Amino acid sequence: MAKPTQYVLTNLRIAPMIANGENYGGVIENGALAIDGEKVAWVGAAQDIPLDHRTWHSEDFDGALATPALIDSHTHIVFGGDRANEFEMRLEGASYEEVARAGGGIISTVKATRAASVDQLAESALPRLDALIAEGVTTIEVKSGYGLNLESERNMLLAARQLGTLRDVTVRTTFLGAHATPPEYKDRPDEYIRLVAEEILPQLHAEGLIDAVDGFCEGIAFSPAQMKIVFDAAQKLGLPIKLHAEQLSNLGGAALAASYGALSADHLEYLDETGVKAMADAGSVAVLLPGAFYTLRETQLPPLELLRRHQVPIALATDCNPGSSPLTSLLLTMNMGATLFRMTPDECLAATTRHAAKALGFADRGTLTAGQRADIAIWNIQHPAELSYRIGFNPLKARIFGGKL
């Protein structure tokens, strides 16, 4: 028997996550959701279900909680090898910068990634992706940046796209060629940046592999002037931008990204009020990454009160990567956002739904409202705060991807 394409989910508590000034968008008690194909057709109290939906197939969810499906808006989930040895080095006293300058860090992952095929990269990423899917994630961003040449950057982006064919998940690909200077360009970072901007980026864009362009603006990576060259090239191609900024120091990267109308600036521990105001004016999302903060044992907290005061949307993401955030749980990320960064549970859920969608440039998901894509998570919990409160506990009951239960 074919599965119905029009159906109603009943006996739910619903957290629609709309921006209406109420926590969780105003929880609907004894709610119902009507789904028509890939879209949400109607949301509201069960007694108000429209007459034309009452004949549709229905599913009773026994009082479970429905939220928008989760969105991981910053990951490096495709890579070769691992860096457990560097984890040991840091525990023995080496700093992140010292590990990088000793030939470890990003460059060690570059070697392993260059040695892997597209299929090998996709296959190694699947367990990490499956862990996120099991927690109700339906949309994920995947960055390149461990290839650092045309062939290997292409392989990473192809592997990322392949993930979207192997699993029921939407994959947004971000080109991060300006992640580090590759070994063959040691002491010649300006030449490498020109290669990225003039050859690699245009070629991979022409092949249809890039949804957005990112970079790492930091003392151990690239300067704002170097990032401007990449952003100018991205702008000419009509590609949106993002930026790793103000993670280890304040170079003004967030303000630079905002001047290009960036979708987001990410990390932001050292962000100042000038940068916050620039992001607010541009409508850029602040993507906070507590997994890296935790793993690197950082002490400089992102300026949460400034972000709130200037009404900058805040997203949370795993930053899943082999070095600074080997994290594959968005639920744990939410708990970290609450415990480490002092975000409220309402902020944490908005940060992995509505604001995460905005950070990726999506307007068709992240809330439960009529007309939105039917990406929905249903949880065996009583209150939305439990998603941030519990540690190491996954209460997912059902996951709906584009209307498919």
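Residues numbered from 1 in each chain as written. Predicted model: local features only at pLDDT ≥ 70, side-chain atom pairs only at ≥ 80, totals over all residues. Heavy atoms only, no water.

**Here's the deal with the domain arrangement of the chain**
Then step 1. You can read the domains of the chain as domain 1 (6–69 + 367–400) and domain 2 (70–360).
Then step 2. The junction of domain 1 with domain 2 conceals about 1,800 Å² of combined surface from both sides, 57% of it contributed by carbon and sulfur atoms.
Then step 3. For the domain 1 face of the interface with domain 2, the top three residues by lost area are M17, S388 and R399, together amounting to 34%.
Then step 4. Seen at the junction of domain 1 and domain 2, the total is zero salt bridges.
Then step 5. Where domain 1 packs against domain 2, one counts seven residue pairs in polar contact (both at pLDDT 80 or more).
Then step 6. Going through the elements one at a time, β4 (57–68), β13 (376–379), α15 (386–389) and β14 (396–400) are the ones with two or more residues in the side of domain 1 that touches domain 2. (Domains from an automatic or database assignment. Buried area = accessible area lost by both parts, 1.4 Å probe. Salt bridge = Lys/Arg side-chain N within 4 Å of Asp/Glu carboxyl O. Polar contact = N/O pair within 3.5 Å; in protein donor to acceptor, adjacent residues only side chain to side chain. Helix = DSSP H or I, 4+ residues; strand = E, 2+ residues; numbered from the N terminus.)

**Structural notes on the UniProt feature "binding site: Zn(2+)" (unreviewed entry) in the chain**
Then step 1. As recorded in UniProt, the sites labelled "binding site: Zn(2+)" (unreviewed entry) are H74, H76, H244 and D319. In sequence the annotated residues extend across 246 residues, while in space they remain close, none of their C-alpha pairs exceeding 12.2 Å.
Then step 2. Along the chain, the position of H74 falls in the loop between β5 (70–72) and α1 (84–91).
Then step 3. Among all residues touching H74, those that are not within four sequence positions of it are E141, K143, H244, D266, V287, L289, A317, T318, D319 and C320.
Then step 4. In this structure, D319 is in contact with H74, T75, H76, H267, L289, A292, S324 and S325, ignoring residues within four places of it in sequence.
Then step 5. Reaching out from D319, the side chain makes a polar contact with the side chain of H76 at a distance of 3.2 Å. (UniProt positions renumbered as here; feature names shortened; annotations may be inferred. Contact = heavy atoms within 4.5 Å.)

**Some details on unusual backbone geometry**
Then step 1. Residue Y24 is not a glycine yet carries a positive backbone phi of 60°.
Then step 2. On the basis of relative accessible area, Y24 is assigned to the buried category, the value being 6%.
Then step 3. The phi angle at E246 is positive, at roughly 55°, despite the residue not being glycine.
Then step 4. Within the fold, E246 resides in the loop between β9 (242–245) and α8 (253–259). (Buried < 20%, exposed > 50% of the residue type's maximum accessible area, 1.4 Å probe, protein only.)

**As for the UniProt feature "binding site: N-formimidoyl-L-glutamate" (unreviewed entry) in the chain**
Then step 1. Within this numbering scheme, the UniProt entry marks Y146, N321 and G323 as carrying the feature "binding site: N-formimidoyl-L-glutamate" (unreviewed entry). In summary, the annotated positions, though distributed over 178 residues, converge in three dimensions, the widest C-alpha pair being only 11.6 Å.
Then step 2. A polar contact is formed between the side chain of N321 and the backbone nitrogen of S324, at a distance of 2.7 Å.
Then step 3. Relative to the elements of secondary structure, G323 occurs in the loop between β12 (314–316) and α12 (330–339).

**Remarks on the sheet that holds β14**
Then step 1. Taken together, six strands build an open sheet; the order of strands is β3-β2-β1-β4-β13-β14 and the sheet is mixed. Of all strands in the sheet, those bounded by a partner on one side alone are β3 (39–45) and β14. Neighbour to neighbour, the strand axes of the sheet diverge by 40° on average, direction disregarded.
Then step 2. When β13 meets β14, the two strands line up antiparallel, connected through four bridges. (Pairing = 2+ DSSP bridges. Axes fitted to C-alpha atoms, helices over the stretch in contact; angles between N-to-C directions.)

**Examining the pattern of salt bridges**
When their charged atoms lie close together, side chains carrying opposite charge are able to pair.
Then step 1. Taken as a whole, this structure holds 19 salt bridges when the rule is applied.
Then step 2. In this structure, R83 and E86 form a salt bridge, with 3.0 Å as the shortest nitrogen-oxygen distance.
Then step 3. When its relative accessible area of 3% is taken as the criterion, E86 is described as buried.
Then step 4. With its nearest N and O atoms 2.8 Å apart, the salt bridge here joins R365 to D364.
Then step 5. Classification of R365 by relative accessible area gives buried; the value is 9%.
Then step 6. Linked through salt bridges whose partners overlap, the residues forming this network are E38, D364, R365, R373 and D375.

**Some remarks on the sheet that holds β5**
Then step 1. Spatially, eight strands are ordered β5-β6-β7-β8-β9-β10-β11-β12 in an open sheet, and the strand pairing comes out parallel. Strands with a single pairing partner mark the edges of an open sheet, and in this sheet they are β5 and β12. When the angles between neighbouring strand axes are averaged without regard to direction, this sheet yields 25°.
Then step 2. As paired elements, strand β6 (residues 137–143) and strand β7 (residues 170–178) share five bridges and run parallel to each other. Within β7, the position partnered with V142 by the bridge is T173.

**Comments concerning the packing of aromatic side chains**
For any two aromatic rings, the description comes down to two numbers: the centre-to-centre distance and the angle of the planes.
Then step 1. As enumerated under the stated definition, the model contains five aromatic pairs in all.
Then step 2. Where Y185 meets Y192, the ring centres are 5.7 Å apart and the plane angle is 55°; that geometry is what we call tilted.
Then step 3. With relative accessibility at 0%, the residue Y192 sits in the buried group.
Then step 4. Between F231 and Y260 the ring centres are 5.4 Å apart and the planes differ by 65°, which places this aromatic pair in the edge-to-face class. Pair noted here: F231 is in helix α7 (residues 224–236) and Y260 is in the loop between α8 and β10 (264–267), with a separation of 29 residues, a long-range link.
Then step 5. What makes Y260 buried here is its relative accessible area of 15%. (Phe/Tyr/Trp six-rings, centres within 6.5 Å; stacked < 30°, edge-to-face > 60°.)

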